[in-house]
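If you want the building blocks of each chain, they are given just below.
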Amino acid sequence: MKARDVAVQGVLAGVALVAAFFVWQREPSRAQGEVTVEDAQSSALDRIRYDEEVRFVELFRDPQDRDTVWVRLGNKPAKPGSEAGVASDAGSAALDAGALAHATSDAGPQVGANSPASAGNTGALTVTTDAGVAPRANTGALAAATDAGVAPRANAGANASTDAGTPASPAPVPPPRELRGNDVALKLFSRFAPLRAQRDLGVLDDKKLEEIGLVKTERGLTLTLDGTPKTFRLATPASGWGAPYLQRTTDGHVFLLGPGLLPDLEAAASRLVDRRLHTFDVDGFDHIVISTGTTSRAFVASGKSPGAVQLSPVDAPSTPDDFARNWHDRLWRLTPVELLGRGEAPPGPAPTPAFRVEYQRAGKAVGELSMAKTPDGSWYARTEFTAGWTRMGGGLELLAEDAAKLTAPR
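What this report covers is the structure whose coordinates are included nearby.

The rules behind these values
Residues numbered from 1 in each chain as written. Predicted model: local features only at pLDDT ≥ 70, side-chain atom pairs only at ≥ 80, totals over all residues. Heavy atoms only, no water. Helix = DSSP H or I, 4+ residues; strand = E, 2+ residues; numbered from the N terminus. Polar contact = N/O pair within 3.5 Å; in protein donor to acceptor, adjacent residues only side chain to side chain. Contact = heavy atoms within 4.5 Å. Buried < 20%, exposed > 50% of the residue type's maximum accessible area, 1.4 Å probe, protein only. Salt bridge = Lys/Arg side-chain N within 4 Å of Asp/Glu carboxyl O. Pairing = 2+ DSSP bridges. Axes fitted to C-alpha atoms, helices over the stretch in contact; angles between N-to-C directions. Core = buried A, V, L, I, M, F, W, Y, C linked by side-chain atoms within 4.5 Å. Phe/Tyr/Trp six-rings, centres within 6.5 Å; stacked < 30°, edge-to-face > 60°. Lys NZ or Arg CZ within 6 Å of the ring centre and 35° of its normal. Left-handed = near helix turned anticlockwise from the far one by under 90°. Nonpolar A, V, L, I, M, F, W, Y, C, P; charged D, E, K, R; others polar.

1. Digging into the side chain of D264
Consideration 1: Within the secondary structure layout, D264 lies in helix α4 (residues 263–266).
Consideration 2: Within the structure, D264 has its side chain in polar contact with the side chain of R271 (distance 3.1 Å).
Consideration 3: Residues contacting D264, with those up to four places away along its chain left out, are V184, L188, R271 and L272.

Structural data, given as structure tokens:
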């Protein structure tokens, strides 16, 4: 190649690098007519909080790893008067409406305003207008759901007052649950800084604010940028969905958000929580060590996704063990039923360890899985990646028995 050709190639390469630099540095493309609600760099965003009347969702960066996002799911205390009594014409008679049902998805708790379930209300209210007396009518309690680890709340006959109608004390609110966010949560987090909307509707009058659901709303959005909170009000749509109107509290400007920004926050427990037990696949380890009690046994592992990993005893690496392979394949395909939060323990007495699997690659540990059983028969697992314990499905007794067979002395 001639010197001239080399020089031309060098100039073209330099131009390409400069063009790539400017493309990388320029502001991301936006839709036509899009406006900026809050101008901030993605690196300045520390936390997103989405509020509803009975629950909240927070997304925040891990202080030790800024590339990791955590999801915090929590319930709010019941407001005074939300379980108020019923009064007759001749005198006030309180009727305990029972405890609110708190229904949740399997990654975290959500309050029963979204999915209430009545477990039983067997009484009937009878009001005697002459005496102003109302007998107790609620002998059952609304059921608390489900796989979020929230204790059922029962109120089987609270006192009814014929004089003052004193409301029952609200049930205690369980602590929030912190779970690791998935890739969807990470991408969603970056979309809030800068925060953009489809249109700026300006400052609206009270009548228009009421029409679009911004007068009596309980929904809100808070962005924490470099430690400073920026608050917004979100419309409560009359139909229960859509209408993503947002009002900036600093100047009252109302914006129309895009349709894809809020749904993930509204369904955070199912959309934003990372449900994986491990981040590596079957080709990410070359040895496993199975332990039950004080005995353990090591196997050489080889495999490629999506097939089952082949296991051979370390003292006979050329002799595959089909029993061990099938056992591990069943274990590998298990999925959590419920994810407990960071620092959260299973309810009741501590679970009893059943078996443990350590995954190794090139002589170094890359992961582990510990399986345990609670006195009520529930199975829980935890790994190097999960935030804490995860509740598994039932019927794992055979898996534990086979683990004991695999580790039995030969």
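After presenting the structure, the write-up continues.
2. Structural notes on unusual backbone geometry
Generally, phi is negative for residues other than glycine and the peptide bonds are trans, each holding for most cases.
Consideration 1: Along the chain, A193 connects to P194 via a cis peptide bond; the corresponding omega equals -5°.
Consideration 2: Take P194: it is sitting in the loop between α2 (183–190) and β6 (195–197).
Consideration 3: Omega for the bond connecting S305 with P306 falls within 30 degrees of zero, at 5°, which places this linkage in the cis form.
Consideration 4: Following the sequence through the fold, P306 ends up in the loop between β13 (295–302) and β14 (310–313).
Consideration 5: Residues other than glycine seldom take positive phi values, yet D226 does so here, at roughly 50°.
Consideration 6: Checked against the element boundaries, D226 lands in the loop between β8 (219–225) and β9 (228–234).
Consideration 7: When its relative accessible area of 59% is taken as the criterion, D226 is described as exposed.
Consideration 8: At A362, a residue that is not glycine, the phi angle is positive and equals roughly 55°.
Consideration 9: Positionally, A362 belongs in the loop between β16 (352–361) and β17 (364–373).

3. Some words on the pattern of salt bridges
Consideration 1: All told, the structure shown has 24 salt bridges when counted by the stated rule.
Consideration 2: A salt bridge links R325 to D322; the nearest nitrogen and oxygen atoms lie 3.8 Å apart. Taken together, the residues R325 and D322, both in helix α6 (residues 322–332) and three residues apart, mark about one turn of the helix.
Consideration 3: Given a relative accessible area of 43%, D322 falls into the partly exposed group.
Consideration 4: The closest approach of N and O atoms between K373 and E397, which form a salt bridge, is 3.3 Å. Here K373 is found in strand β17, whereas its partner E397 is found in helix α7 (residues 397–407), with 24 residues between them in sequence.
Consideration 5: Classification of E397 by relative accessible area gives partly exposed; the value is 32%.

4. Re the sheet that holds β8
Consideration 1: The antiparallel open sheet is built from nine strands, whose spatial order is β5-β4-β3-β2-β8-β9-β10-β11-β7. Both edges of this open sheet fall to β5 (177–180) and β7 (199–202), since each of them pairs with a single strand only. Pairwise comparison of adjacent strand axes, ignoring direction, gives a mean angle of 25° for this sheet.
Consideration 2: Bridging between β8 and β9 involves seven bridges; their strand directions are antiparallel.

5. Topic: the nonpolar core
One recurring pattern in soluble globular proteins: nonpolar side chains tend to sit buried together.
Consideration 1: Core analysis: the biggest nonpolar cluster contains 34 residues, and I48, L59, F192, L221 and L265 have the highest contact counts within it.
Consideration 2: Sorting the residues of this core by element identifies β2 (45–51), β3 (55–62), β4 (65–75), α2, β6, β8, β9 and α5 (268–271) as the ones contributing at least two each.
Consideration 3: Within the second largest apolar cluster, 26 residues are counted, among which are F280, A301, L331 and M392.

6. Considerations on the packing of aromatic side chains
Consideration 1: Under the definition given, this model contains seven aromatic pairs.
Consideration 2: A centroid spacing of 5.5 Å and a plane angle of 65° characterise the contact between W327 and F355, whose relative ring orientation is edge-to-face. Of this pair, W327 sits in helix α6 while F355 is found in strand β16, placing the two residues 28 residues apart along the sequence.
Consideration 3: We classify W327 as buried; its relative accessible area is 0%.
Consideration 4: Grouped by ring-pair contacts, the aromatic residues F280, F285, W332 and Y359 constitute a single cluster.
Consideration 5: One cation-aromatic arrangement involves R180 over F385; the distance from NZ or CZ to the ring centre is 4.3 Å.
Consideration 6: Positioned above the aromatic ring of W389, the side-chain terminus of R382 is 5.0 Å from the ring centre.

7. Here's the deal with the sheet that holds strand β15 (residues 338–339)
Consideration 1: Pairing in this open sheet of eight strands is antiparallel, and the strands run β14-β13-β12-β16-β17-β18-β19-β15 from one edge to the other. The sheet terminates laterally at β14 and β15, the two strands that pair on one side only.
Consideration 2: Together, β12 (287–292), β13, β14, β16 and β17 form the strand contacts of α6, whose direction differs from that of β16 by roughly 105°.
Consideration 3: Sheet strands touched by α7: β12, β13, β16, β17 and β18 (379–383). Its angle to β12, the strand with the most contacts, is close to 105°.

8. Regarding the packing of α6 against α7
Axis angle and axis distance: for two packed helices, these are the angle between their axes and the distance between the axes, and together they describe the pair.
Consideration 1: It is the contact of α6 with α7, at a shortest axis distance of 11 Å, that shows an interaxial angle of 145°. When you trace α6 past α7, the crossing you get is left-handed. The segment α6 lies against α7, with F323, A324, W327, R330 and L331 engaging L398, L399, D402, A403, K405 and L406.
Consideration 2: Per-class residue counts for the contact of α6 with α7 are eight nonpolar, no polar and three charged.

9. Observations regarding the side chain of S370
Consideration 1: With respect to the secondary-structure elements, S370 resides in strand β17.
Consideration 2: What makes S370 buried here is its relative accessible area of 18%.
Consideration 3: If sequence neighbours within four positions are ignored, S370 has contacts with F355, R356, Y380, A381, R382 and W389.

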